[in-house]
Amino acid sequence: MRGKATLLAGICAGVLAFPANAQETDTDEGVAAATGGPVIVVTAQRQNQSLQEVPIAVSAFTAEALEAQQIENASDLQLTLPNVSFTKSNFTGASFTIRGIGDLCVGVSCDSATAIHTNGAPLFGTRLFETEYFDLERVEVLRGPQGTLFGRNATSGVVNVVTAKPDLSGIAAAADLEYGNYNSIKAKGMINLPIGDVLGVRIAGFYLNRDGYTRNLYDDSRIDDRDMYAIRGSLRFEPGPDTTIDLMGYYFRENDNRLRIQKQACQRDPTGVLGCLNARLDFDKANADSTLASVLSSQELFAIQGIPAVLGLGSIYPEDGDGYSNFDEPDDVRTVRTAFTPEYFADELQVQARLEQRFGDLNLSVGGLYQETSVDSRQDYNLGVLDRSAGYLTALSTLAFFAENGLPVPGVPGAFVPGSSAYFAPIAEALIPNGPTGELCTSSNRQESQGAYEGHAICSDVPLAFDRSNGDQKSWSAEAILSSDFDGAFNFLIGGIYANSRVTENSYYVNSFGLDYATGILGTFSAFANGAPPAYLATSMYRNNTRDFELDSYGIFGEVYFDISDRLKFTGGLRYNNDEKSIVARNTLASFLNPFSNDGDPFDSPFVGSYDADPGTDGNQIVQERSVSFDEITGRAVLDFQATPDNLFYASYSRGYKSGGINPPLSPAFEVPESFGSESIDAFEIGTKNTFANGALQLNATAFYYKYKDLQLSRIVARTSVNDSIDANIWGFEIEGVIRPSPQWLINANFSYLNAEVAGDQFFSNPRDPGGGDPDAVIIKDISNGALCAVTGPAPGAAAAFVTAVNAGLGLRGPEAFPSDSGIASTGAFGICAVLDANAPAGFSVLSPGVQVNIKGNKLPQAPEMKASVGVQYTAEFANGMTLVPRFDIALTGEQYGNVFNGNVNRIEPFVQANAQIQLNGPDERWYVRGFIQNIFDSSSMTGLYLTDASSGNFTNIFTLDPRRYGIAVGARF
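Residues numbered from 1 in each chain as written. Predicted model: local features only at pLDDT ≥ 70, side-chain atom pairs only at ≥ 80, totals over all residues. Heavy atoms only, no water.

**With respect to helix H10 (residues 798–810)**
Here is the rule we go by: Only DSSP runs of H or I reaching four residues or more are called helices, and only runs of E reaching two or more are called strands; each is numbered from the N terminus. Under the convention used throughout, the expected extent of a helix is 1.5 Å for every residue step, that is, one less than its residue count. Exposed residues in this analysis have more than 50% of their type's maximum accessible area, buried residues have under 20%, and partly exposed residues fall in between, with area computed by a 1.4 Å probe over protein chains only. It is the directions from the helix axis to the C-beta atoms that the arc portrays. In this analysis, two residues are considered to be in contact whenever any of their non-hydrogen atoms come within 4.5 Å of each other.
The terminal C-alpha atoms of H10 lie 19 Å apart, and with 13 residues this matches the ideal 18 Å at 1.5 Å per residue to within 8%. When we look at burial in H10, the residues that qualify are Ala798, Ala799, Phe802, Val803, Val806 and Asn807. Considered in projection along H10, the buried side chains sweep an arc of 150° and stay on one side of the axis. Of the exposed residues in H10, the ones pointing more than 90 degrees away from its buried face are Ala805 and Ala808. Packing partners of the buried residues in H10 comprise strand E38 (778–782), strand E39 (788–792), strand E41 (827–831) and helix H11 (833–838). Directly after H10, the chain includes Gly811, whose backbone phi takes a positive value near 75°.

Right under this line is the structure:
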């Protein structure tokens, strides 16, 4: 096999830097003399091979390179990789996007487009994106679909984190301590102990504690801090030259006030219909009148329901402005005002075992990994402080009066309906325990769906609104691979993998004082009118709850390697993928009456039978249960030509696949598919890997074209992510280079271009503009559920006249125009979509969630058109054996979009990140002192955005890289 003869062909990855303490080990003597660089061995084809001989676009970072380029976590990787981007996302998630393919599918049943592995084993729901890198052998990033060896969910590529293994040759230890701004303290350590000649143990860990990056002007505190640690223990047993057994245990824990959302942006809508407009992203707050809490507790909805309007917390047509009219949003991504301090907890356990056994020319690899993850995060939903307006005082004073006296008897002064005070007293006791001018209490939801009415509340001087994202998951996988290493022209690899992942709890909550108040008042009047005991509408908070999700997946795969000649080689592979998914879920908010006397689980209510979690099944269901299955055959074919020992050319075709999933139940129900199908990709690639000038120059280049079918794409409907599919065409190229003119100098650079577009006619409603650009459409904010719909008519002005007429009967106003700079051509009005639909004459349409528009040719999200980076390093050597190594890195990420509808409002501006450091190494590199600075220009670099739901006011969550960091580090090795 050619791998035996050419393992020493490569010198480094295209983005690899050789830091001050890199040592030349296992190198080809001639290459090392010219470059000082080691051979990088990767497992991109599930076997140890030189990076330069693998006919795949793969980059690798050794532990030394990670340190030299200040790559401390997953987010930093994107700065030095071509056509790779990374961003945090909603619901405690994160997304690697490779060549325009990322995690555009949001939901429990979605697979990740980029497969994340530890030592070759797949991870599920990993918290790897929170932690810091420590004691690694290398990180490998494979670009492009891996249709054979990595199989399911690897449509964009693979990130494989390879941990350092015990070294049986001798005792070793290392310790690193870093102090930086924000009072950042970071410590890393490792100890390696051989036990005899056949057994070794390695223990490593890290700890990080720092103050928050973000200042909270509300109480002059710092938030978004870090307090985390991880520990890893490894054992290696080598009873003979052909047998290696590796065991690894890892635990990570974080408990701090990390922000999931760095900042919110909004072009404020003065009408309140949309909340935020469609032309740009400003640092402003959404109009509070557009939110679900405001419309459900409004005087207008109460009046329509026959409830005294005086109980409404305010009007959707306020004369003195909405709850955020007087709020000043700081014009800085690192400055906020919030009355709710974030809470963040995450942990992860991994236990892994692997056996490598050689039988002559055959090698058997058998391994498995068990994983547990959990996350629980709460933060201010609006990252703002809502005014306690005059409407609150009137409504809450009326509530307190009713709680004390009961409902007045109409026409009889001083008379009250007997027993009616019992319907209002529990609301006042739970929400305003100290009276109308005292603290306001909001459901804390710390126990199941229990909230303020069950005694679980957080109280504050201002109305609170916060969300919670939590989940618990257990997973395991087992894989076996048999590969050959014959001397002849033919070799093979066959294998199989089974994986099971079980989510035992996954919920997303939105809590607010307004929702608690509305569910209390609406429920109380409903119970009173129907002779039911005093009750509220449960749940009093919004909760999208996956009670159980299970994935069963297996794959059978194989590849053949045939040397057509000494220089021409063919690789062919096939894989059968099978994925089965089942889910138990429900979505609740004000869904059924629950007596105040029931202080346990709201679903123990005697009225829960009126709740239907599954409109698609006859009868009322307490949960929605769905199962789906997918299978697919994928594979690849590669021709690679070794023109010279230093020049490789290859061409490949690969088929990628990612299984589909199940859309969550919606409340209110909309016309969306219950499930979404699998996606597939046909990828064509040509590339070359070259080493010139006796190793002084390495130049790799790749060009690719993807034909994407049924790309999964999420949108928010009724406060829930649902998934559709689109087709896309993607093409681009990548150039990676390393220049080493002398052992003292190292220059690495890369450049990439990407064109990722929606293919064919694809029609969807734009959540930022439900009118679809139609000046005759009327956008309706539904005051019964906070959703949006659009009304169209048969002639100009017809829709507006129809809405005006229907609204007049409801006591609501007719349509009005949005501002001239809004990016919205339609008019807007508050209304009730179901009433409009029921009264619509022939020729009129009430479209939920809006008018569809064609997105053909639009750019895919998180797909920067251009990326470039350069790193320069110099090693100054002194007579006493010490070295001084300065290094500078700069990376440019070009324009991209955070949403498939594109436009200026979804545009993410190009950004530049630059890092520098200087390191003094002691003789024999036993110690070092390093000064560093990250993000030299203190760029507020936005990596992604997420548009929220219409019932939240269409504000945009944005995600950014860290601010400028600087400090000093010291370390020792022996």
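**Some points on the state of the cysteines**
For clarity, the threshold we go by: Note that a disulfide, as used here, is simply two cysteine sulfur atoms within 2.5 Å.
All told, the structure shown has 3 disulfides when counted by the stated rule. The partner cysteine of Cys266 in its disulfide is Cys276, sulfur to sulfur 2.0 Å. Negative torsions about the S-S bond denote left-handed disulfides, and the value of about -115° found for Cys266 with Cys276 makes this one left-handed. Of this pair, Cys266 sits in the loop between strand E17 (263–265) and helix H5 (292–296) while Cys276 is found in the loop between E17 and H5, placing the two residues 10 residues apart along the sequence. Of the residues examined, Cys266 reaches a relative accessible area of 1% and is grouped as buried. On the basis of relative accessibility, which here comes to 3%, the residue Cys276 falls in the buried class. Note on cysteine connectivity: Cys441 is disulfide-linked to Cys459, with sulfurs 2.0 Å apart.

**Points about the sheet that holds strand E18 (residues 335–336)**
Our working rule: In this analysis, strands are considered paired if DSSP registers two or more bridges between them.
Across the sheet, which stays open at both edges, the 3 strands sit in the order E14-E13-E18 with mixed pairing between neighbours. Of all strands in the sheet, those bounded by a partner on one side alone are strand E14 (221–223) and E18. By the bridge criterion, 3 bridges tie strand E13 (residues 214–216) to E14 in an arrangement that is antiparallel. Looking at E14, one finds that Thr214 is bridged to Ile223.

**Looking at the environment of Ser95**
Inclusion rule: Distance and chemistry together define a polar contact, namely a pair of N or O atoms within 3.5 Å, with one atom able to donate a hydrogen and the other to accept it when in protein, and with adjacent residues in sequence counting only for side-chain atoms on both sides.
Of note, Ser95 is situated in strand E5 (residues 94–98). Sequence separation of Ser95 and Arg575 is 480 residues, and the distance between their C-alpha atoms is 25 Å. For Ser95, the side chain forms a polar contact with the side chain of Gln862, separated by 3.4 Å.

**Details of the packing of aromatic side chains**
Which entries qualify depends on this criterion: Stacked, tilted and edge-to-face are the three classes applied to pairs of Phe, Tyr and Trp rings, where Trp contributes its six-membered ring and a pair requires centres within 6.5 Å; stacked means planes under 30 degrees apart, edge-to-face means over 60, and tilted covers the rest. Lysine NZ or arginine CZ positioned within 6 Å of the ring centre and within 35 degrees of the ring normal marks a charge as sitting over the ring.
A complete count under the given rule lists 34 aromatic pairs for this structure. For the ring pair Phe401 and Phe402, a centre distance of 6.2 Å and an interplane angle of 55° mean the geometry is tilted. Classification of Phe401 by relative accessible area gives partly exposed; the value is 39%. Considering the side-chain rings of Phe592 and Phe603, the 5.2 Å spacing of their centres and the 55° angle between planes classify their relative orientation as tilted. Of the two residues, Phe592 is situated in strand E28 (residues 592–595) and Phe603 in the loop between E28 and strand E29 (624–644); the sequence distance between them amounts to 11 residues. On the basis of relative accessibility, which here comes to 11%, the residue Phe603 falls in the buried class. In textbook terms, an aromatic cluster arises when at least three aromatic residues are bridged by ring pairs, as seen for Phe401, Phe402, Phe416, Phe424 and Phe525. Just above the ring of Phe134 sits the side chain of Arg232; from NZ or CZ to the centre is 4.3 Å. The cationic tip of Lys263 hangs over the ring face of Phe283; the distance from NZ or CZ to the ring centre is 5.2 Å.

**Some details on the nonpolar core**
Quick note on the threshold: Buried Ala, Val, Leu, Ile, Met, Phe, Trp, Tyr and Cys residues form a nonpolar core when they are joined through side-chain atoms within 4.5 Å.
Core analysis: the biggest nonpolar cluster contains 79 residues, and Leu311, Leu399, Tyr517 and Ile521 have the highest contact counts within it. For this core, the element with the most residues is helix H9 (residues 513–529), which contributes 8 residues. Setting aside anything within four residues of it in sequence, one finds Leu399 in contact with Leu311, Phe424, Ile427, Ala428, Ile432, Tyr517 and Ile521. Ala65, Ala74, Leu81 and Tyr133 belong to the second-largest nonpolar core, a separate cluster that totals 24 residues.

**Some points on unusual backbone geometry**
Of the consecutive residues Ala538 and Thr539, the connecting peptide bond is found in the cis state with omega at -5°. Its location among the elements puts Thr539 in the loop between strand E25 (535–538) and strand E26 (542–563). The linkage connecting Ser848 with the following residue, Pro849, adopts the cis geometry, with an omega of 5°. Secondary-structure assignment places Pro849 in the loop between strand E42 (845–847) and strand E43 (852–854). The phi angle at Asn694 is positive, at roughly 55°, despite the residue not being glycine. Note on placement: Asn694 falls in the loop between strand E33 (679–692) and strand E34 (697–717). Relative accessible area serves as the criterion here: at 54%, Asn694 is assigned to the exposed category. For Asn935, which is not a glycine, the phi torsion comes out positive at approximately 55°. Relative to the assigned elements, Asn935 resides in the loop between strand E50 (927–934) and strand E51 (942–947). Taking the relative accessible area as the measure of exposure, Asn935 reaches 2% and is therefore buried.

**Re the packing of helix H8 (residues 421–431) against H9**
Short version of the rule: Here an angle of 0 to 180 degrees is reported between the N-to-C directions of two axes, which are lines fitted to C-alpha atoms, with helices fitted over the stretch in contact. Angle categories are assigned with fixed cut-offs, so that under 35 degrees is roughly parallel, over 145 is roughly antiparallel, 65 to 115 is roughly perpendicular, and the rest are oblique. Gly falls in the polar group here, along with every residue not listed as nonpolar (Ala, Val, Leu, Ile, Met, Phe, Trp, Tyr, Cys, Pro) or charged (Asp, Glu, Lys, Arg).
With their axes 9 Å apart at the nearest point, H8 and H9 run at an angle of 170° to one another. Taken together, the axes of H8 and H9 lie roughly antiparallel to each other. From H8, Tyr423, Phe424, Ile427 and Leu431 reach across to H9, where they touch Phe513, Asp516, Tyr517, Gly520, Ile521, Thr524, Phe525, Ala527 and Phe528. Class assignment for the residues of the contact of H8 with H9 results in 10 nonpolar, 2 polar and 1 charged.

**Thoughts on the environment of Asp769**
Relative to the assigned elements, Asp769 resides in the loop between strand E37 (763–765) and E38. With a relative accessible area of 7%, Asp769 lands in the buried category. Sequence separation between Asp769 and Phe124 is 645 residues; the distance between their C-alpha atoms is 36 Å. Leaving out residues up to four positions away in the same chain, Asp769 has contacts with Asn278, Ile779, Gly823 and Ile824.

**Things to note about the pattern of salt bridges**
For clarity, the cut-off: For salt bridges, the criterion is a side-chain nitrogen of Lys or Arg within 4 Å of an Asp or Glu carboxyl oxygen.
Applying the stated criterion across every chain, the model contains 42 salt bridges. Between Asp282 and Arg280 there is a salt bridge, with its nearest N and O atoms 3.0 Å apart. Among the residues examined, Asp282 registers a relative accessible area of 22% and is labelled partly exposed. Via salt bridges that share partners, Glu72, Glu132, Glu178, Lys186 and Arg965 belong to a single interconnected network.

**Here's the deal with a nonpolar patch on the surface**
Threshold: Only residues whose relative accessible area exceeds 30% and that form no salt bridge are eligible for patches; like-charged ones are grouped when within 9 Å, while nonpolar side chains (Val, Leu, Ile, Met, Phe, Trp, Tyr) are grouped when within 5 Å. Computed with the Shrake-Rupley method and a 1.4 Å probe, the accessible areas treat only the protein chains shown as cover for residues.
A cluster of nonpolar residues, Leu177, Tyr179, Ile185, Trp927, Val929, Ile968 and Val970, forms a patch on the protein surface that exposes about 590 Å² of accessible area. Of all the secondary-structure elements, those providing two or more residues to the nonpolar patch are strand E10 (172–180), E50 and strand E53 (965–973). Structurally, Ile968 is set in strand E53.

**With respect to the sheet that holds strand E9 (residues 157–163)**
With respect to topology, 5 strands assemble into an open sheet ordered E3-E8-E9-E6-E7, the strand pairing being mixed. Every other strand in the sheet has two partners, leaving strand E3 (58–62) and strand E7 (121–122) as the edge strands with one partner each. Relative to strand E8 (residues 136–143), E3 runs antiparallel, the two sharing 5 bridges. Paired with Ser59 across the bridge in E8 is Val141.

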